[in-house]
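# Structural characterization, general
Read off the chains here:
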Amino acid sequence: MNMRELDLNLLVVFEAIYTSGNISRAAENLNLSQPALSNALARLRKQMDDQLFVRSGNGVVPTTRADEIIVSVRNALSMIRQSINPEGAFDPKTSKRHFRLIIADPLEQIIMPRLLQDIGSESQVTFELQPPQSTPVEESLLSGKTDLAAFLMHGKSSELRSKPLCPVDLLVVARNNHPRIRHPVTMPQLKKEGFVTISLSPGKLANSEKVTFWQRLHLKEVCQVYKISSVCQIVSQTDLIGLVPRIYAEQVASACNLQVIDLPVALSNQKFYLTWRNSADFDDGLIWLRERILSCFPQETS
């Protein structure tokens, strides 16, 4: 490829297609006609000597070559945008940005209402919550398919940065009129009760290796679920009990008619982290998003 002949706009097209996984949607996001975008893609394919994207279902998927260059392309475009707009051009009231997030289930009810309130009802900013059960966090961040992740454990890659949000801080939840469970509880007492637990079978959940607290217990597992929200829903209507992070339990306890009980021993020293690609430091939209999410947890970000 002759770099002198490379049109920077072609890289913008490449990024838009990679992000959306759909030619029509990428054209719409760039305010281009589909023929114009297809023509730009054809030019880039010729210069790169690679298909870059191949059809799959109703969209397209990247080739190996596209996966190899996406991080570098995004880094370069982010630095160019920041240089052109050093004061930051992102305005949540007027921007049309689409943010892709992975948010751990216990944090969703804290983060998303704040973000939606911040942008206001007239904003054209949109959010896509990707399922943490089936989306490998670090891999998705590195490939650019996810912008930010609020999840367990910070990224280990040198291309990722992270800040702590809050402790996991597990505690017991049981329905208010449970016939046996009252505060305080003992571990022998808990081991006699049936539990609703999070399924962490290898291969079933993309990030199961990050959740280690269940491995320390020998509980009577009566029902396995894939979301922490399901634990509270089931516990509220049965004599089963569950373990959930304090930050989530305190949000839903009243609505679900639950009692929240401290464990007799601490089972986890894990924390939830906000993790992002290094290149996000040059993207004013992602800087705004990161700051808004961090502001939901002020005690952990000093």
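This text goes with the structure placed above it.
The rules behind these values
Residues numbered from 1 in each chain as written. Predicted model: local features only at pLDDT ≥ 70, side-chain atom pairs only at ≥ 80, totals over all residues. Heavy atoms only, no water. Helix = DSSP H or I, 4+ residues; strand = E, 2+ residues; numbered from the N terminus. Areas by Shrake-Rupley, 256 points an atom, 1.4 Å probe, with all protein chains shown as cover. Buried < 20%, exposed > 50% of the residue type's maximum accessible area, 1.4 Å probe, protein only. Pairing = 2+ DSSP bridges. Core = buried A, V, L, I, M, F, W, Y, C linked by side-chain atoms within 4.5 Å. Contact = heavy atoms within 4.5 Å. Axes fitted to C-alpha atoms, helices over the stretch in contact; angles between N-to-C directions.

### Digging into the overall build of the protein
- Looking only at helices and strands, one finds 10 helices and 12 strands in the protein.
- Split by element, the accessible area of the protein, about 15400 Å² in all, is 49% carbon and sulfur.

### What to know about the pairing of strand β7 (residues 170-175)
- The buried count for β7 comes to six of six residues, which makes it a mostly enclosed element.
- Neither face of β7 is open: one carries Leu170, Val172 and Ala174, the other Leu171, Val173 and Arg175, and all of them are buried.
- The pairing of β7 with strand β10 (residues 241-245) spans four bridges and is antiparallel. Paired with leucine 171 across the strands is valine 244, a residue of β10.

### Remarks on the nonpolar core
- Grouped together as the largest cluster of nonpolar side chains are 50 residues, with contacts concentrated most on Leu107 and Leu289.
- Per-element accounting of this core gives the leading share, six residues, to helix α5 (residues 105-119).
- If we ignore the near neighbours within four places in the chain, the residues touching leucine 107 are Ala150, Leu165, Cys166, Ile247, Phe272 and Phe297.
- Residues Ala27, Leu41, Leu52 and Val71 belong to the second largest nonpolar core, which totals 24 residues.

### Examining the environment of leucine 30
- You can see leucine 30 is positioned in the loop between α2 (23-29) and α3 (34-48).
- The exposure class assigned to leucine 30 is partly exposed, which follows from its relative accessible area of 26%.
- Along the primary structure leucine 30 and valine 13 are separated by 17 residues, whereas in three dimensions their C-alpha atoms are 7.9 Å apart.
- Setting aside residues no more than four positions away along its own chain, leucine 30 makes contact with Val12, Val13, Ala16 and Leu37.

### With respect to the environment of glycine 21
- Counting through the fold element by element, glycine 21 comes out in the loop between α1 (8-20) and α2.
- Note on glycine 21: relative accessible area 23%, which makes it partly exposed.
- Placed 32 residues apart in sequence, glycine 21 and phenylalanine 53 show a C-alpha to C-alpha distance of 8.7 Å.
- Beyond its immediate stretch of four places on either side in the chain, glycine 21 contacts Gly59 and Val60.

### A word on the sheet that holds strand β11 (residues 258-261)
- Strand order in this open sheet of five strands is β9-β8-β10-β7-β11, and the pairing throughout is mixed. Because the sheet does not close on itself, it has two edges, and the strands there are β9 (220-225) and β11. Between one strand axis and the next, the sheet turns by 35 degrees as a mean value, whatever way the strands run.
- Where strand β8 (residues 194-198) lies against β9, five bridges are found, and the strand directions are parallel. Following the sheet pairing, isoleucine 198 is matched in β9 by valine 225.

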